[in-house]
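Coordinate inspection notes
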Amino acid sequence: MIAQILFIALFIAAVALFSYNAKKVIRNIRLGKPADRSDQPQKRLMTMLKVAFGQTKMFFRPIPAFLHLLVYAGFVIVNIEVLEIMIDGVAGTHRIFHGLGSLYNVLIGAFEFLALGVWVSCALFLIRRNVLKLKRFSGVEMTSWPKSDANYILITEILLMTAFLTMNAADAKLQALGYEHYVTAGAFPVSQFLQNLLPDSASSLVAIERGCWWFHIIGILAFLNYLPYSKHFHILFAFPNTYFSNLEPKGEFSNMQSVTNEVKAMLDPSFTPEPAEPGRFGAKDVNDLSWVNLMNAYTCTECGRCTSVCPANITGKLLSPRKIMMDTRDRLTEVGKNIDKSGNGFDDGKSLLDTYISREEIWACTSCNACTNACPINIDPLAIITELRRYAVMEESQSPASLNAMMGNIENNGAPWKYSPADRLNWAKEN
């Protein structure tokens, strides 16, 4: 009974703490401007199923995609057993689903193979990051915490799978001994190889089995509450992020309604736009971005696929699309903390542009959209870069000299070049 009360109290506390932190994240996302992503629900659903659930964009890199698929499947399917653990913890039972008979044996056997797959995949991921040191896992934005964050989760997954298999091995030996409370149930195709490593004493086996059982469930609840502080929030946000992703042609810039109204009024003096509150052109800080942009920031997995295909980054420019998303998330987190501490409207003198993201970064972007195409969960760094550029140009009238010259030529000559329209065909006459 004491164990049951302890389990229930631990479970309620873990869920309550996660809910508290998740509400803060959702509050932060809602600081963004409105964006209507309710159109084409069927297409959005198919995009979510294909990209988030099916992980189709991962397979442009087949080896890590296969390993990630094993971790993903293991995380989803092995955790079905968590349901049994929860019921056992509340009711004080042991393997309550054993009544499923042969189906239960198949399930436990499948769980063990998946657990082994997760263990091997996480070990290989650790080697890729820390021994092979793949280039896309490095960068100025990949400071000690982002690197440690990934390692913490991989090590935790290995420990959880080890505890799961060890628990099953001890359970199987206790079943063979006919020890009370341990019903004969389950197939153990992987953990059977661990049984010879365990002691033969029933009391020692019970201690190992119970210890691994508690470690497994406490580890899962701790992982749940680690998510809001980690890039691994993408486990939950990948699905809404892909559902609400941009369905328009990739790289197409959106028009600002206020500017559109001005142009319409210039072309048609009888046009009367609907009254609207004055707003900022573009974005200087996170609250000027849309809620979709902010959700993108929380969904970023920091995998570096975007930066690895960015032509600006490849040629040595300062821009890193991954850094754009990480900086946006860091600034949004800081704004949320300011709200918690000082309330809405607090100005800390900082902003996303200049404090976190430099002008050199945003103007290095070629707007090619390679980053968005490469992202496995449809994150759109280009949308944030575009809004920061809009603010610099339309609010501050600040842009690189080369762009100013180009826009002046377009205004005066109708083309990016300094020649007048009458001189455009001179090159043909000269030849």
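Residues numbered from 1 in each chain as written. Predicted model: local features only at pLDDT ≥ 70, side-chain atom pairs only at ≥ 80, totals over all residues. Heavy atoms only, no water.

As for the pattern of salt bridges
Which entries qualify depends on this criterion: Put simply, a salt bridge is a Lys or Arg side-chain nitrogen that is within 4 Å of an Asp or Glu carboxyl oxygen. For every residue, the accessible area (1.4 Å probe, protein chains only) is compared with the maximum for its type, and the residue is labelled buried under 20%, exposed over 50%, or partly exposed between those bounds. Strands are runs of DSSP state E lasting at least 2 residues, helices are runs of H or I lasting at least 4, and numbering of each runs from the N terminus.
Applying the stated rule across the entire model yields 18 salt bridges. Notably, a salt bridge pairs D39 with R44, separated by 2.8 Å at the nearest N-O pair. The exposure class assigned to R44 is buried, which follows from its relative accessible area of 2%. Put simply, E334 and K350 hold a salt bridge, and the shortest N to O gap is 2.8 Å. Of this pair, E334 sits in helix α13 (residues 321-342) while K350 is found in the loop between α13 and α14 (352-356), placing the two residues 16 residues apart along the sequence. Given a relative accessible area of 18%, E334 falls into the buried group. For K350, a relative accessible area of 37% puts it in the partly exposed group. The structure contains a network of salt bridges with shared partners spanning D285, R331, E334, D348 and K350.

Structural notes on the confidence of the model for the chain
As a reminder, the rule being used: Confidence of the predictor in every single residue is expressed as pLDDT, which spans 0 to 100.
For the chain, per-residue confidence averages 91 on the pLDDT scale, and residues scoring 70 or more make up 99% of the total. The element-level mean pLDDT for the chain is lowest in helix α19 (residues 426-430), coming to 80, with helix α10 (residues 291-299) highest at 97.

Focus: the environment of S138
Stated formally: Polar contact is the term for a pair of N or O atoms within 3.5 Å; when the atoms are in protein, one must be able to donate a hydrogen and the other to accept it, and sequence-neighboring residues count only if both atoms are side-chain atoms.
Residue placement: S138 occurs in the loop between α5 (102-130) and α6 (144-177). Between the C-alpha atom of S138 and that of Y298, which follows or precedes it by 160 residues, the distance is 20 Å. A polar contact of 2.7 Å, which involves the side chain of S138, links it to the backbone oxygen of K135.

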